[in-house]
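Structural overview
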Amino acid sequence: KEPRVYTGKIKVRSGFTTKEIDVTITIPEIPEELKEILNVDLEIINRTILRGDKLNYKLTLNRTKATDGFKQAFVKIVIIGVEDGEIIYFTPPEETINLIDYFSAERGIDLPEDLPAREYRIRVFVEYESVIFSTSQTFKVLEVYKPAFFGKAWFDFVKEGIKESW
């Protein structure tokens, strides 16, 4: 099969300057024997979090074809938020996993305090045997407002909901 070719433009904005860059992306066809050698699963443990909190997730890698010994899997995570044409892009450190047949572990990412409240997509890329596998999930970051005092109760107001503390 022929490789897939995508063309378009990327708009880059910094301060008051905006530039458009022409791009061409060529995606080669993956040989059939490599397409299904690894299953990648991502489970978001806390889909709604407050600004500055930790995003907890579970990553599972399952080799579907047995080979001798372990092979290294290189894991890269990208967090992207898009709203009103603005792209928020955050990349935690990469991880190398020595994979025998199966790997599953819970991980956490400390999100920046200044990360805007909105919906985000966490995308996991796993490079294994020179093939990149990917999966993604969404989560929401909520804004925390300063506590207010009403009578004997303290309330923390959260955008799109109220979290009570007595």
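Bear in mind that the values here come from a model prediction, so they are computed numbers and not experimental data. (Residues numbered from 1 in each chain as written. Predicted model: local features only at pLDDT ≥ 70, side-chain atom pairs only at ≥ 80, totals over all residues. Heavy atoms only, no water.)

**Here's the deal with the sheet that holds strand β5 (residues 54–63)**
Ordered in space as β3-β5-β9, the three strands form an open sheet in which the pairing is antiparallel. Strands at the two margins of the open sheet, each flanked by one partner only, are β3 (38–44) and β9 (102–110). Here the average twist between neighbouring strands, direction ignored, is 20 degrees. Bridge analysis of β5 against β9 gives nine bridges, and the strand direction is antiparallel. Across the sheet, N62 pairs through a bridge with Y102, a residue of β9. (Pairing = 2+ DSSP bridges. Helix = DSSP H or I, 4+ residues; strand = E, 2+ residues; numbered from the N terminus. Axes fitted to C-alpha atoms, helices over the stretch in contact; angles between N-to-C directions.)

**Re the pattern of salt bridges**
Scanning the entire structure with this criterion turns up seven salt bridges. Residues K54 and D110 are paired through a salt bridge, measuring 3.8 Å at the closest nitrogen-oxygen approach. Of this pair, K54 sits in strand β5 while D110 is found in strand β9, placing the two residues 56 residues apart along the sequence. Of the residues examined, K54 reaches a relative accessible area of 37% and is grouped as partly exposed. (Salt bridge = Lys/Arg side-chain N within 4 Å of Asp/Glu carboxyl O. Buried < 20%, exposed > 50% of the residue type's maximum accessible area, 1.4 Å probe, protein only.)

**Remarks on the environment of E127**
By the secondary structure assignment, E127 is in strand β10 (residues 118–128). Given the relative accessible area of 37%, E127 is considered partly exposed. Counting along the chain gives 54 residues from E127 to A73, while the straight-line C-alpha distance between them is 5.7 Å. Excluding its chain neighbours within four sequence positions, the residues that come into contact with E127 are Q72, A73, F74 and I132. (Contact = heavy atoms within 4.5 Å.)

**Brief notes about the side chain of R63**
Within the secondary structure layout, R63 lies in strand β5. Within polar-contact distance, the side chain of R63 engages the backbone oxygen of I100 at 2.5 Å. A distance of 2.9 Å separates a polar atom in the side chain of R63 from a polar atom in the side chain of Y128. The residues contacting R63, other than those within four sequence positions of it, are I37, L38, G69, F70, K71, L99, I100, D101 and Y128. (Polar contact = N/O pair within 3.5 Å; in protein donor to acceptor, adjacent residues only side chain to side chain.)

**Some words on the pairing of strand β6 (residues 71–83)**
In terms of strand pairing, β6 meets strand β8 (residues 95–99) through five bridges, oriented antiparallel. Paired with F74 across the two strands is T96, which belongs to β8. Both β6 and β10 contribute to a ladder of seven bridges, which runs antiparallel. Looking at the pairing, I77 lines up with V124 of β10.

**Focus: the nonpolar core**
If you look at the biggest cluster of nonpolar residues, it comprises 31 residues, and the most contacted ones within it are L38, L61, I79, L111, I122 and F139. Broken down by secondary-structure element, the contributors of at least two residues to this core are β3, β5, β6, β8, β9, β10 and β11 (131–142). Considering each element in turn, this core owes the most residues, five residues, to β10. (Core = buried A, V, L, I, M, F, W, Y, C linked by side-chain atoms within 4.5 Å.)

**With respect to the environment of Y128**
Position of Y128 relative to the elements: it lies in strand β10. The buried category is assigned to Y128, whose relative accessible area is 2%. The spatial distance from the C-alpha of Y128 to the C-alpha of I37 is 8.8 Å, given a sequence separation of 91 residues. Sequence-distant contacts of Y128, defined by excluding residues within four places in its chain, comprise I37, L38, R63, K71, Q72, A73, L99 and F133.

The values reported here are purely geometric and, on their own, carry no functional implication.
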